[in-house]
Structures are given as structure tokens and as C-alpha cells.
Amino acid sequence: MSDVIAQLEALAESPPEDPATRLNLYNAAKRLIVATEDPFNTICRVNGPPMILTICQVACDLNIFVQLTEANSPLSTESLAATSGADPSFIGRILRFLASNDIVRETGEDEFTANAVTRTLARPGFQAGIAHSFMASMPCLQELPKFLADTKYANPTDVLHSPFQIAHKTDKLAYVWAMDQPKLMADFNLTWLDVFDFPRHVGGSAVDTLIFVDVGGGIGQQCALLKKTHPQVPGRVVLQDQPFVLPHAIPIDGVEKQAFDLWAEQPLKGARVYYMRNILEDYLDDKAITIIKNTMLAMAPDSILIIDEMIIPNRGASPRSTSQDMTMMATLASAERTERQWDTLLDRAGLVVLQKTAYNTATGESIIVAALR
């Protein structure tokens, strides 16, 4: 057994580079933890995530992850406290908690350095994810058990009557509320263009060809990604969203802005690509089909609709995708869809699926490319 432990320690110090091998090892390690933990460790594992999220948010606020990542050597609690003005003893308590949960590495008494987790949490997109989970989702999850009991455990379907409205004391839709929360509007920088050959699809376009309509595109992150990735492709790129959203859009050369309501017929006809990212997950099937059909009315025979959403496997879903599904239930009275549910939805709408490809296999984030039947 000592040899097995030594091998595990060696793997922890030098994990394999191959992503598939790493994922298999990660899943095996999770099963090993469940098989070997005692009841007290089990209850800590079940109870711990809210506290870990909370302390990670505090660490983000204090810029601890960034400082440890950028440092060339371990930092003391005194030096970390000096940059933020916090009490050194308080900083020590935060760091000891993070080290005990393998989020930073303890190198000596009151001395810490970055590990792989620290470096991940120092990245802006992942810090935005922590802020979103802490500020937007966790209050909803706290309200969820009582809400479900009060509604006799009906599947939530009303986007204006969900744990979100109760938790945040608002009568607004979640995305409307979020517009007033600047920390939640960060770009998570996901790369759907890695799995879709955009130049090939719009080949032969001219400067006046409508090549890309970002339907409900928020502040324009995906338009910016497209222009950055394929600056040489000629054609019109249009960002559409509600009038109160567009003033917040990031300035992007060559991107037009148009006020648009999802519940109205698409006014831009014959675009090569209509694109929806994380739109349909907000709505159950009947409303989602209405949105799709409003776009289909504008599609030409050579138009495609790209749906950029999570696809949960019909079997063997990952914890990250099922956690997102629970978040959708608590915040939007909606759901992430399984592959079978996506197929059924698009078939009902009258579309034929040309491509389904995951660009983040760990979460199931994928594109579905569809055309008129």
C-alpha cells in the first residue's frame, strides 16, 4: 500500500499532460475519495463548498490569488496584508483556510505560495465566475428548498416567480437585474470558434454581405471574439439586444448595433449566420421554439443558426453540467437540456441539425449548427 501512496504523491507533484488522461485520473481520484473517506470527512465535503466559495470571493477582493501568482517566491502574511491594508492575523486565517483546502500552498509559518489552483483563480474570467456564483447564484440556492416546498415541488417554470426574485428582492428578470451589477458582466472568454470553420461557411462574402447576427448578444463579447479571430473576413457583423443593454456594449470596430426584442420577428433577412449564446437555456420549450421560429422567418436557404449552449449527455453527465442545471432551476426557473431534449426541441421547431460539437468537453458547452428543413 505504501507503494500506491507514493505513486499517488508522485502523480500529484507531476500530473500527466494529456487532457484525456488527466480527466480519467481526476474521475478515478474522486471515486477513491468517496470510497476511503470517513463520515466526518463526508460531512465536511458536503457542507464545505459554500464556505469555500465565500472565502475565495474574499481572497479575490483582496487580490490574494493574483499576488501569489505573480510573485517569484513565497509571500508572508505581513507582505500580503500591507498591499490591502488588512489585518495580518486576518490574512493568515484566510490563507490557512485556503491552504487546508489545497487552493494555495503553505510553505512555512505564515508563508504561502501559488499552486495550480491559485493560478487558475487568478485569471479574470474565473474570478468573474466566482463573483457570479457568490453574488447571483448562492442567494438563490439558499432560497431554493423553501421555494420548492412552498410550490409543492413543482418543476419551476415561471421566470418571474423563482428563487431568484425572492433572494434578490426584485421583480425583474435575472438578466435585467444583472445589467445593474457591473461585477457580473465580465467576459468568460469561451471559444466556440475553435470548433466551427467560420471563414469556410461565409466564403465569397463581400463587405455588404450580412455574415453574422449575434441575437441577444449582450455587450458584444462574441462579436469581439469573431472580429479578433477572423479580422480578414469581409462582411457585416451585427450585435442585437434590448435598448437598455446596447449602451453598455464594448466598442468594436466594424460591428453594428441594433435594438431587438427576442419575441419579435427577426428584421435582418438572409444572414449567413444567426448566433444565439445562452439564450434558449433561459426558457422552456414552448417559449424557446417561439424565439427560434422568429429567427427562422428571416433565414435564407444558405443561412444557419448556431446555438451556443450546454448539452448534457443523456447518460454520464458531469458534476459541472448538473450543477449548472440546478443553477438554472434556482435562478431562472429553467433548465439545461440533454442531447435528446435538444434534438426534440429543434425537430419541433422545424430545423435540421448539421453539426453538434463540444468545445469544452468537461462542461458540455457546445455548438449546435442548424438549418431550415
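Definitions and limits used
Residues numbered from 1 in each chain as written. Predicted model: local features only at pLDDT ≥ 70, side-chain atom pairs only at ≥ 80, totals over all residues. Heavy atoms only, no water. Helix = DSSP H or I, 4+ residues; strand = E, 2+ residues; numbered from the N terminus. Rg over C-alpha atoms; globule rule 2.2 N^0.38 Å. Buried < 20%, exposed > 50% of the residue type's maximum accessible area, 1.4 Å probe, protein only. Contact = heavy atoms within 4.5 Å. Lys, Arg positive; Asp, Glu negative; His and termini not counted. Charge placed at Lys NZ, Arg CZ, Asp CG, Glu CD. Core = buried A, V, L, I, M, F, W, Y, C linked by side-chain atoms within 4.5 Å. Expected span 1.5 Å × (residues − 1). Bend = angle between axes of the 7 residues up to and from the residue. Pairing = 2+ DSSP bridges. 1 Å grid on protein atoms, 1.4 Å probe; cavity = no way out; pocket = protein on both sides within 12 Å on 5 of 7 lines; lining within 4 Å. Points joined across faces, edges and corners; volume = space filled by probe spheres on them. Right-handed = clockwise from strand over helix to strand, strands pointing away. Arc of directions from axis to C-beta. Patch = residues over 30% accessible without salt bridge, like charges linked within 9 Å, V, L, I, M, F, W, Y side chains within 5 Å. Areas by Shrake-Rupley, 256 points an atom, 1.4 Å probe, with all protein chains shown as cover. Salt bridge = Lys/Arg side-chain N within 4 Å of Asp/Glu carboxyl O. Polar contact = N/O pair within 3.5 Å; in protein donor to acceptor, adjacent residues only side chain to side chain.

S.K.: Outline the overall build of the protein chain, supporting the account with residue identities and numerical values.
M.R.: For the protein chain, the helix and strand inventory stands at 15 helices and 11 strands. Over its C-alpha trace the protein chain gives a radius of gyration of 23 Å, about what one expects of a compact globule, namely 21 Å for 373 residues. Referenced to the eigenvectors of the C-alpha coordinate spread, the extents of the protein chain come out at roughly 65 × 55 × 45 Å. Of all 373 residues assigned to the protein chain, the portion counted as buried reaches 44%. Counted over contacts in the protein chain with a minimum sequence separation of 6, partners at least 24 positions apart contribute 66%. One finds the centroid of the 31 positive side-chain charges in the protein chain at a distance of 5 Å from the centroid of its 44 negative side-chain charges.

S.K.: Quick one: what's the story with the nonpolar core, residue by residue and with numbers?
M.R.: A general trend in soluble globular proteins is that nonpolar side chains are found buried together. Residues Leu 280, Ile 292 and Leu 305 are the most contacted members of the largest nonpolar core, which totals 30 residues. Taken together, the elements giving at least two residues each to this core come down to β4 (210-215), β7 (273-277), α13 (285-296), β8 (304-312), α15 (339-349) and β11 (365-372). It is α13 that contributes the most residues to this core, 5 residues altogether. In this structure, Leu 305 is in contact with Tyr 274, Tyr 275, Met 276, Ile 292, Thr 295, Met 299, Leu 351, Ile 368, Val 369 and Ala 370, ignoring residues within four places of it in sequence.

S.K.: Break down helix α3 (residues 39-61) for me, with residues and values.
M.R.: Here α3 spans 34 Å end to end across 23 residues, near enough to the 33 Å set by a 1.5 Å rise per residue. The sharpest bend along α3 comes to roughly 50°, located at Gly 48, with the proline Pro 49 sitting one to four residues further on. If you check which residues of α3 are buried, you get Gly 48, Leu 53, Ile 55, Cys 56, Gln 57, Ala 59 and Cys 60. Taken together, the buried residues of α3 touch α4 (64-70), α6 (88-100), α7 (116-121) and α8 (124-150). Looking one or two residues past α3, Asn 63 carries a phi angle of roughly 65°, positive in sign.

S.K.: Pulling in residues and values, what's your account of the sheet that holds strand β1 (residues 75-76)?
M.R.: Read across the open sheet, the 3 strands follow the order β1-β3-β2; overall the sheet is antiparallel. The two strands at the open ends of the sheet, each matched to only one other strand, are β1 and β2 (105-108).

S.K.: I'd like a rundown of empty space enclosed by the protein, residues and numbers included.
M.R.: Enumeration over the complete set of coordinates arrives at 2 cavities of 30 Å³ or more. Estimates place the volume of the second largest cavity at around 40 Å³. Around the second largest cavity sit Phe 198, Ile 211, Leu 226, Lys 227, His 230, Val 233 and Val 237, which together line it.

S.K.: Please give an account of the pairing of β7 that cites residues and values.
M.R.: The element β7 is largely enclosed, with a buried count of 5 among its 5 residues. Burial of β7 is two-sided: the residues Val 273, Tyr 275 and Arg 277 facing one way and the residues Tyr 274 and Met 276 facing the other way are all buried. Note: β7 against β8, 5 bridges, orientation parallel. Paired with Val 273 across the two strands is Ile 304, which belongs to β8. Between β7 and its parallel partner β8, the chain crosses via α13, and the hand of that crossover is right-handed.

S.K.: Go over the environment of Ser 318, please, and point to the residues and values.
M.R.: Relative to the elements of secondary structure, Ser 318 occurs in the loop between β8 and α14 (319-332). Remark: the alpha-carbon pair of Ser 318 and Thr 363, spanning 45 residues in sequence, is separated by 6.8 Å. With residues up to four places along the chain from it excluded, the contact list for Ser 318 reads Ala 362 and Thr 363.

S.K.: Talk me through α15; I want residue IDs and the actual numbers.
M.R.: Where α15 is concerned, the buried positions are Trp 342, Leu 345, Leu 346 and Ala 349. Each buried residue of α15 sits inside an arc of 90° when the element is viewed along its axis, so together they form one side. Buried residues belonging to α15 abut α13, β8, β9 (337-338), β10 (351-360) and β11. Within two residues after α15, Gly 350 carries a phi angle of roughly 100°, on the positive side.

S.K.: I'd like a description of the environment of Leu 280, backed by residues and values.
M.R.: Tracing the backbone through its elements, the reader meets Leu 280 in the loop between β7 and α13. Along the primary structure Leu 280 and His 161 are separated by 119 residues, whereas in three dimensions their C-alpha atoms are 18 Å apart. Contacts of Leu 280, omitting those with residues within four sequence positions, involve Ala 288, Ile 291, Ile 292, Ile 307, Glu 309, Arg 337 and Trp 342.

S.K.: Can you explain a nonpolar patch on the surface? Please cite residues and give values.
M.R.: Together, Met 1, Val 4, Ile 5, Leu 8, Leu 11, Leu 25 and Leu 32 make up a nonpolar patch on the protein surface, roughly 620 Å² of accessible area in all. Those elements that provide at least two residues to the nonpolar patch are α1 (2-13) and α2 (19-36). Sorting elements by how many residues they give to the nonpolar patch places α1 first, with 4 residues. Mapping Leu 32 onto the fold places it in helix α2. Using a relative accessible area of 41% as the deciding quantity, one classes Leu 32 as partly exposed.

S.K.: Describe the side chain of Gln 67, with residues and values.
M.R.: Here Gln 67 lies in helix α4. Classification of Gln 67 as buried rests on a relative accessible area of 16%. Among the polar contacts made by the side chain of Gln 67, one reaches the main-chain carbonyl oxygen of Leu 62 at a distance of 3.4 Å. Beyond its immediate stretch of four places on either side in the chain, Gln 67 contacts Leu 62, Leu 75, Leu 80 and Thr 83.

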